[in-house]
Amino acid sequence: MSRIIDKAASVVSSPSVIYVILRYVTYFLAFVNALLLAKYLGGYEYGIYSFVLLIVSYMAYANLGINESLNTEYSKYKNTLRANKIWDTAWSLNLLICLAVSLLWCAVTVLDSDLFANYHFRDYGYLLIVTCLVINLGRIYITYYKLFGKLLKLNIQQILPNITILVLCLVFKTDITVNMIVWALLITNSIALLLFRIGLPQRPKFTIDRAISKVLITRGISLLLYNLSFYLMILFASSLVSANFEVTEFGCFSFANSLVNGVIMAGGAFLFIFYPKILNQMEGTDQQIEANIRRIKSIYVVGIDMICLVSILCVYVISFWYPEYSIRMVQIYSVLILGKCLNNATTGYSAFLIARKKEIRLAAYGFCSVGVVWALSSVFLRFKLGVEYIALAVTVASFVYSSCVVIEGVRTLYHKISFRSYVYEIFGNGSWLNMLLLVLFAFVWPNPYFLLGSIGLYYILNFKNIKKAISSGLDIMTNKNALNF
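Here is what the cut-offs are and how they apply
- Residues numbered from 1 in each chain as written.
- Predicted model: local features only at pLDDT ≥ 70, side-chain atom pairs only at ≥ 80, totals over all residues.
- Heavy atoms only, no water.
- Helix = DSSP H or I, 4+ residues; strand = E, 2+ residues; numbered from the N terminus.
- Buried < 20%, exposed > 50% of the residue type's maximum accessible area, 1.4 Å probe, protein only.
- Contact = heavy atoms within 4.5 Å.
- Areas by Shrake-Rupley, 256 points an atom, 1.4 Å probe, with all protein chains shown as cover.
- Core = buried A, V, L, I, M, F, W, Y, C linked by side-chain atoms within 4.5 Å.
- Expected span 1.5 Å × (residues − 1).
- Arc of directions from axis to C-beta.
- Salt bridge = Lys/Arg side-chain N within 4 Å of Asp/Glu carboxyl O.
- Axes fitted to C-alpha atoms, helices over the stretch in contact; angles between N-to-C directions.
- Parallel < 35°, antiparallel > 145°, perpendicular 65-115°, else oblique.
- Nonpolar A, V, L, I, M, F, W, Y, C, P; charged D, E, K, R; others polar.

A.B. asks: Tell me about the overall build of the protein, and please be specific about residues and values.
C.D. replies: Scanning the protein from terminus to terminus reveals 19 helices and zero strands. When the 485 residues of the protein are sorted by exposure, 50% land in the buried category. Of the contacts made within the protein by residues no fewer than 6 positions apart, 82% connect residues no fewer than 24 positions apart. If you sum the accessible surface of the protein, you get close to 22,800 Å²; carbon and sulfur atoms cover 67% of it.

Below is the structure:
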């Protein structure tokens, strides 16, 4: 009994577990805020608020992926003299790029008085530009702290804006305005930026090394294209649904996709903080790399598959509160979550290829997958099939993308690939059963009893893999030095 208590105490006190728990709290607060803002702002003002979030999202790509390239390059050279030069150069480049983009935005706003007039952009435009500047300046620190496993300030940066907006909603209710929200984002992110500057492992100096700059910008743009290319698959599918289906069906598709993203983000919270260490470990011998990829598959991939299958039951319960969507939302969710399961199967090999500087190929595979979505969706629309088939197009494209990544990864690591090894990498560790059950539920028998029986069957037949994943995951979480390189 004392051993169990000690184990539980180690899990609860682990920095990675504390970070993930607080991240889940952040997700919950963001969900509550979305409900309250939709109610208090009203349809039109909420549309303006959504536009503000869209601008913030686009501005996140404005630093040319410097934070992503810092992640990969620093992970490789940590504990060497070159690491400090990489940090100084990345910080300096990020500062210059953010300032240049912000000044450009201001100039465009001054020259075009009708810029985004439908969204009343002039009422909050300059304030939003400054807010995006502060947010983007903070992103480089987020990456840096993550590299050192110092997660407390990352928790504060995530949770502070959501708590502030929640308080504003509860205090002002229907009197809350978009300007108040933008001010809240600016103030809270400024506080986070100040906190980031305190207690840095290495205070940055304004220094730009030309050779390092070239690497950071080149890799940053490649990683940016890689991240954007995969995001375009679902974005393109959503655009097709909005153009070819009724508003209610588009809402059903978007809601299901939002739930999928929430589940995957929650499941990927651990991967977020361990990713620098994973990249660092991809620099070893072929045998070490193989062992690390196998470990990722046996812990992370199996864990995500478990979460995804159980989440369908939760979505089924949620569907009762949305009778206009009903079981169809659960079907769409099941198909989209299947695509995510396929993507997760490539996690180890995608990290390995990024470590080998092949992210531009990953980007090419991503853009090809967008073409698959377009081609299949065109066929499905021609035959007037339902919106769940557009979701199927995304999943098939995910399968194509995952296959390309696995084939490239295996060939790079082993210099050859067989059909048997390819099948194992995509469908191994019980993933084939998970995927088969999701397809049957979505397209053959969308019955809750079948779903419940399928989950039970998956857990029974895959018990050894699940037990190993849970045991290994707990060992990592209880290791206080798990984030150290």
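A.B. asks: Let's hear about the nonpolar core: which residues, and what values?
C.D. replies: One broad trend across soluble globular proteins is that nonpolar side chains are buried collectively. Counting 61 residues, the largest nonpolar core has Leu128 and Tyr141 as its most contacted members. Going through the elements one at a time, helix 2 (15–59), helix 3 (66–77), helix 4 (81–111), helix 5 (121–147), helix 6 (152–172), helix 7 (178–197) and helix 8 (210–244) are the ones with two or more residues in this core. Of all the elements, helix 5 adds the most residues to this core, at 16 residues. If sequence neighbours within four positions are ignored, tyrosine 141 has contacts with Trp87, Trp91, Leu193, Phe196, Arg197, Leu200 and Pro204. Grouped together as the second largest cluster of nonpolar side chains are 60 residues, Ala237, Leu309, Ile390 and Leu438 included.

A.B. asks: Quick rundown of the side chain of asparagine 162? Include the residues and the values.
C.D. replies: Along the chain, asparagine 162 falls in helix 6. Note on asparagine 162: relative accessible area 14%, which makes it buried. With sequence-adjacent residues up to four places away left out, asparagine 162 is seen in contact with Thr26, Leu29, Ala30 and Asn33.

A.B. asks: Please provide a residue-by-residue account of helix 18 (residues 448–461), values included.
C.D. replies: Here helix 18 is 14 residues long and its end C-alpha atoms lie 20 Å apart, about the 20 Å a rise of 1.5 Å per residue gives. Taken residue by residue, helix 18 has Phe450, Leu451, Ser454, Ile455 and Tyr458 as its buried positions. The buried residues of helix 18 all sit within an arc of 135° when viewed along its axis, so they share a single face. Exposed residues pointing more than 90 degrees away from the buried face of helix 18 are listed as Tyr449, Leu452 and Ile460.

A.B. asks: Please set out unusual backbone geometry residue by residue, giving values where relevant.
C.D. replies: Apart from glycine, the bulk of residues carry a negative phi angle, and the bulk of peptide bonds sit in the trans form. The backbone of lysine 173 shows a phi angle near 50°, a positive value even though the residue is not glycine. Relative to the helices and strands, lysine 173 is located in the loop between helix 6 and helix 7. Residue lysine 173 is classed as partly exposed on the basis of its relative accessible area, which comes to 43%. A positive phi angle, close to 55°, is found at lysine 384, a residue other than glycine. Within the secondary structure, lysine 384 sits in the loop between helix 14 (359–382) and helix 15 (387–414). Looking at lysine 384, the relative accessible area reads 76%, which means it is exposed.

A.B. asks: Any details on the pattern of salt bridges? Residues and values, ideally.
C.D. replies: Applying the stated criterion across every chain yields a total of one salt bridge. Put simply, arginine 361 and glutamate 408 hold a salt bridge, and the shortest N to O gap is 2.7 Å. Placement of the pair is arginine 361 in helix 14 and glutamate 408 in helix 15, with a sequence separation of 47 residues. You can call arginine 361 partly exposed: its relative accessible area is 41%.

A.B. asks: Outline helix 15, listing residues and values.
C.D. replies: With 28 residues, helix 15 should cover 40 Å at 1.5 Å per step; its first-to-last C-alpha distance of 41 Å lies within 8% of that length. Of the residues one or two after helix 15, histidine 415 is the one with positive phi, at around 65°.

A.B. asks: How would you summarise the packing of helix 4 against helix 5 if you had to cite specific residues and measurements?
C.D. replies: As a packed pair, helix 4 and helix 5 sit with axes 10 Å apart at the nearest point and diverge in direction by 170°. Classified by the interaxial angle, the pair formed by helix 4 and helix 5 is roughly antiparallel. For the pair helix 4 and helix 5, contact is made by Trp87, Ala90, Trp91, Asn94, Leu95, Cys98, Leu99, Ser102, Trp105, Cys106, Thr109 and Val110 and by Phe121, Arg122, Tyr126, Ile129, Leu133, Asn136, Leu137, Ile140, Tyr141 and Tyr144, respectively. Among the residues making up the contact of helix 4 with helix 5, the classes are represented as 17 nonpolar, four polar and one charged.

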